[in-house]
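# Tertiary structure, described
Here is what each chain is made of, one letter per residue.
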Amino acid sequence: MAKEFPVEIGVVYEGERIRKDNMRVELGGTKVPYKAELVQSRAMDEIEDGKITVKGRDLKDMEEGGRYPFVILVEVAGKEVEKDLEAVIERRIHDFSNYVEGFMHVNQRYDIWCRVSKKSFQKGFDSFTYLGQALIKLFKAELPIIEKIQITFMTEEEDVKPFAENAREIYEARDARARALSDDDVDEFYGCVLCQSFAPTHACAITPDRISLCGAINWFDGRAAARVDPKGPNFKIEKGELIDPEKFEYTGINKMIKEKSLGENERFWLHTMFGYPHTSCGCFEAIAFFIPEVDGIGICHRNYHGETVIGVPFSTLATQTGGGKQLDGFLGIAIEYMRSPKFFKTDGGWNRIVWMPKFIKEQVQDAIPEELYDKIATEEITTDINELKQFLEEKEHPVTERWVEEAVLAAEELEVIPMSEAFAGTRLILKNARIHADKVIIRRR
Amino acid sequence: MHAFAVSGKGGTGKTVLSALIIRELTKKGVVLAIDADADSNLPDVLGAEVEGTVGDIREELLQKKCKLPPEYTKDVWLEGKTYEILSENNGFDLLVMGRPEGPECYCMVNNLLRRIIDMLSQNYDYTVIDSEAGLEHISRRTTIGVQDMVVVADGSQQSFDTASRIKNLADELGARFDHIYLVLNKTKTPDIKRAEMTGLTFLGLIPYDPDIEKACYNGVPLPEHSKAAASVHELLEKILQR
């Protein structure tokens, strides 16, 4: 740097709010239609390392109290810099620019909102070149994979508008990739213990295919929170080994849950409600419940006030499900989880869902396989288990295929010899009986 | 940053007292005013324009949580919105908490809000929280260390009972206040003995002031100078000297 840097740089300035009274200029923000920030990875020879370009009016030529369109374009190159890292690097613009004394940066992407303080301006922070220098220095220090970096600022609408419009397409393409991210694509999951005040043995395992039960924290939120405060309620889980590819059991998740539940629970199978299912806090958006009579799964959401097909309302189900217990056949879930490609995959996924309130059925219609949509009952079709059974049979719901495997003993007259000593010598005769049993043991006397 | 909270039974005048304290403190430094009463009147009393409340953005986030782009994380979104709804005025900024919570899960959003509001408050010389008697916002949406809690009573037994309850609640919340004061407001026959029996430190009186009453009656901001403002000035000096 030719001149001495006019202001300080440090973590202490993070969270510095520049009030309107102290503001020299505002860049972007809600009152300016076009603004954007973008990180693009380039080939090594496409970048002139350290180059800073200011296209349009620089800080010193701006009117005091004025508002201007704004673009921050960061171009990076390096052997390990991949396209997929652009979003991660872009996120750091927020952190690093906030380290600059007298510079405020809020939001991201097409929403950025910055302010420069009068005080820093008076100290000589009168060019975006200084901001560029600070960013380059911080990016290289904190992210050593960046070997070359150049930064461009734009402040005129004629440049900012087309740039922001083009950037939107890039963000959308990135979102499409992010939505397609699966558990298999990442090495780290995230955990959440925000609800331990209600459910001390509960911890959420948050993966790309499994959003938190409350529906509020996806894998990206977990990653962001864990980076801001690694010792906080959201933390990184090393994924570890996939022990069972059908039950989705990972060593890393088992280790986490054993530790966070203080030994109460030791294993999680990620995408099933049987065996060692995930636990439920109390904050889940919906509850999935097993209906043994039809060998299917029902779902009920928090705002459904009627009775479910098993005769109890959400509130009763919630008491049974919550509290961090591992419960076969009852599981709190987020509504968004129904859109996951791994939604109850172990149990048969959507092929196993037989009943849900009309409201959520319509809400997640996009996720329900088309051929199944009319085969799933709602409260408008029935809240009676026998009627549900009939309905599923009529519609040939895939669960009915499971029914044939069930042992059905039918007889006009059946003699049963009770096994217990107390009944010795008595005979039980059942007439026109149909007995359903998981297992029938017939022993020679 | 020095933080004050004002609380008390409904109708005793805590919003007016908060506003007078805020006005007084702007003479000494920059103030963050937080209206934590679900029935938000502080903006009107201060004459501040407000474009939204924390309650609004909290609900908006819960409504659209799965519609935000996956990499547009909720902490950044919420911080931006909080900054946007912050009403910027001469000498003070005002944040309105707004409506109470619904049946959804607020663990995540409150956790994020605590960090945002705590960090925001570090930018000011003073923070003044106009708080409802339940102290819910103080316990759930901020961990700002409040040094001075000022409880308002109007001379009625109920207002003294509420004051005692606030003290008990504050003790249960882990004694995060250095001092809990009682102020008697707009009473014609101040009964200081009863005020002292609440167990709170009695700070002083604010006389009935027809100018304040008139402003409230007309729904306009408080007058620049008033008898009440003069006594708040004195009470504040007492607090700040301790």
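Notes on the structure in this doc start here. Along each chain, the written sequence defines residue order, and numbers are assigned to residues from 1. Labels are handed out in written order, letters beginning with A for the chains and numbers beginning with 1 for the ligands. Whole-chain, interface and lining totals are the exception, using all residues; otherwise, since this is a predicted model, local features are given only for residues with pLDDT of at least 70 and side-chain atom pairs are given and counted only at 80 or more. Only hydrogens and water are set aside; all other atoms, that is, all heavy atoms of the structure, feed into the side-chain values.

### A few points about the overall build of chain A
Within chain A, the secondary structure is distributed over 10 helices and 19 strands. This radius of gyration counts C-alpha atoms alone. The globule rule is 2.2 Å times how many residues there are, raised to the power 0.38. Scaling as 2.2 N^0.38, a compact globule of 445 residues should have a C-alpha radius of gyration of about 22 Å, whereas chain A reaches 30 Å, well beyond that. If one aligns the C-alpha atoms of chain A with their principal axes, the spans along those axes are about 105 × 45 × 40 Å. For chain A, with 445 residues in total, the buried portion stands at 53%. Under the convention used here, a 1.4 Å probe and the Shrake-Rupley method define accessible areas, while residue burial counts only the protein chains that appear. In the structure as shown, chain A presents an accessible area of about 21600 Å², 48% of it carried by carbon and sulfur atoms. In this tally Asp and Glu are treated as negative and Lys and Arg as positive; neither His nor the chain ends contributes. Note on charges: their place is set at NZ of Lys, CZ of Arg, CG of Asp or CD of Glu. Side-chain charges in chain A split into 60 positive and 78 negative, and the spacing between the mean points of these groups amounts to 3 Å. To qualify as a helix, a DSSP run of H or I must reach at least 4 residues; to qualify as a strand, a run of E must reach at least 2; elements of each kind are numbered from the N terminus. Exposure classes here rest on a 1.4 Å probe applied to the protein chains alone. A residue is buried below 20% of its type maximum, exposed above 50%, and partly exposed in between.

### As for the packing of helix α1 (residues 86–98) of chain A against helix α5 (residues 219–228) of chain A
Axis angle and axis distance: for two packed helices, these are the angle between their axes and the distance between the axes, and together they describe the pair. Residue and element names in this part refer to chain A. Relative to each other, α1 and α5 sit at 45°, their axes nearing to 13 Å. The angle between the axes of α1 and α5 places the two elements in the oblique class. In this structure, the crossing between α1 and α5 has a hand that is right-handed. Each of V88, R91 and R92 in α1 lies in contact with α5, whose residues at this interface are R223, A224 and R227. Each residue gets one of three labels, nonpolar for Ala, Val, Leu, Ile, Met, Phe, Trp, Tyr, Cys and Pro, charged for Asp, Glu, Lys and Arg, and polar for the others, Gly among them. When the residues that make up the contact of α1 with α5 are grouped by side-chain class, the tally is 2 nonpolar, no polar and 4 charged. To obtain an axis, a line is fitted to C-alpha atoms, over the contacting stretch when the element is a helix, and the angle between two such axes runs from 0 to 180 degrees between their N-to-C directions. Comment on the angle field: the value is read as roughly parallel under 35 degrees, roughly antiparallel over 145, roughly perpendicular from 65 to 115, and oblique elsewhere. In this scheme, a crossing is called left-handed if the near helix is turned counterclockwise away from the far one by less than a right angle; it is called right-handed if the turn is clockwise. The contact rule is simple, with two residues in contact once any of their heavy atoms fall within 4.5 Å.

### Brief notes about the nonpolar core
Within this scheme, the nonpolar core is defined by two criteria: the residues are buried Ala, Val, Leu, Ile, Met, Phe, Trp, Tyr or Cys, and they are joined through side-chain atoms within 4.5 Å. Ranked by size, the top nonpolar core spans 97 residues in total, and within it A:L388, B:L78 and B:L182 carry the most contacts. Tallying contributions element by element places helix α5 (residues 107–121) of chain B first for this core, with 8 residues. Excluding its chain neighbours within four sequence positions, the residues that come into contact with B:L182 are B:V151, B:A153, B:F160, B:A163, B:A195, B:T198, B:L200, B:T201, B:F202, B:L203 and B:G204. In this structure, A:F70, A:Y99, A:I112 and A:I146 belong to the second largest nonpolar core, which totals 36 residues.

### What to know about the interface of chain B and chain A
At the junction of the two partners, chain B supplies 36 residues and chain A supplies 45 residues. Here the quantity called buried area is the total loss of accessible area, with a 1.4 Å probe, experienced by two parts when brought into contact, counted for both. At the boundary of chain B with chain A, total buried surface from both sides reaches about 3500 Å², with 53% on carbon and sulfur atoms. On the chain B side of the contact with chain A, B:P70, B:E71 and B:E88 bury the most area, a combined 20% of that side's loss. Salt bridge, as applied in this entry: a Lys or Arg side-chain nitrogen positioned within 4 Å of an Asp or Glu carboxyl oxygen. Remark: the boundary between chain B and chain A carries 6 salt bridges. B:D93 is the partner of A:R19 in a salt bridge, and the nearest nitrogen-oxygen pair spans 2.8 Å. The term polar contact refers here to a pair of N or O atoms within 3.5 Å; inside protein, the definition further demands a hydrogen-donor-capable atom paired with an acceptor-capable atom, and it admits residues adjacent in sequence only when both atoms are side-chain atoms. There are 16 residue pairs in polar contact (both at pLDDT 80 or more) connecting chain B and chain A. Mapped onto the side of chain B that touches chain A, the elements with two or more residues apiece are α4 (74–85), β4 (92–96) and α5 of chain B. Counting residues per element, the side of chain B that touches chain A draws most heavily on α4(B), which supplies 8 residues. For the side of chain B that touches chain A, the per-class residue count stands at 18 nonpolar, 7 polar and 11 charged.

### As for the packing of helix α1 (residues 14–25) of chain B against helix α10 (residues 227–241) of chain B
All names here are of chain B. For the pair α1 and α10, interaxial distance at closest approach is 9 Å and the crossing angle is 70°. Considering their axes alone, α1 and α10 lie roughly perpendicular with respect to each other. Once α1 is placed against α10, the crossing between them reads as right-handed. In contact with L17, L20, I21, E24 and L25 of α1, α10 contributes A228, A229, V232, H233 and L236.

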